[in-house]
Amino acid sequence: MKKVFAFALCIAAIGSAGAQKANVDQASKLAGKTDQLNNARNLIKQAMENPETQNDARTYFVAGQIELDAYDNATKAKMINPDDPSAKPAVMADELMNAYKYFLKALPLDLSLIH
C-alpha cells in the first residue's frame, strides 16, 4: 500500500511540474499578442511562484520577453497615433524596467547550468 501511495505522489509531482512548464510555454506563445498580455502575465506569474519552475532561467526569460513585447507594441501604437491612450509613457517605462529585471534574474540561472 505504501508503494502505491508513494508512486501516486511521484506521478502527481511530475504532473505538477509539467503543468507549470506548460504555463511557461503558453505564456511564451501569448507574449506578442496585445489582447492576451494579461493572460501571459498571469501564466508566467504562476510559474514564477511555483517551486518547480521558479529557479528556471527560461521562466524569467519568457517573463522578460512578455514585458519587452508589451513595450514594443506600445511603441508601435505611439508611432501610429502619438495621442494613443494605450501607450502611456509611465507604463511603457515600467514594462521596459521589468523586462530588464527579469533578464537580469535569468542570467545567473542560465550561467549556473554551465558549471
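Not measured: the values here are computed from a predicted model.

1. With respect to the pattern of salt bridges
Applying the stated criterion across every chain, the model contains two salt bridges. As a salt-bridge pair, R41 and E67 come within 2.8 Å of each other at their nearest N and O atoms. Here R41 is found in helix α2 (residues 37-49), whereas its partner E67 is found in helix α3 (residues 57-80), with 26 residues between them in sequence. Judged by relative accessible area, which is 24%, R41 ranks as partly exposed.

2. Let's talk about the packing of aromatic side chains
Scanning the entire structure with this criterion turns up one aromatic pair. Summarising the aromatic geometry, the rings of F61 and F103 are spaced 5.6 Å apart at their centres and angled 40° between planes, so their arrangement reads as tilted. Here F103 lies in helix α4 (residues 89-111) and F61 lies in helix α3, a separation of 42 residues in the sequence. For F103, a relative accessible area of 27% puts it in the partly exposed group.

Each value, and the rule that gives it
- Residues numbered from 1 in each chain as written.
- Predicted model: local features only at pLDDT ≥ 70, side-chain atom pairs only at ≥ 80, totals over all residues.
- Heavy atoms only, no water.
- Salt bridge = Lys/Arg side-chain N within 4 Å of Asp/Glu carboxyl O.
- Helix = DSSP H or I, 4+ residues; strand = E, 2+ residues; numbered from the N terminus.
- Buried < 20%, exposed > 50% of the residue type's maximum accessible area, 1.4 Å probe, protein only.
- Phe/Tyr/Trp six-rings, centres within 6.5 Å; stacked < 30°, edge-to-face > 60°.

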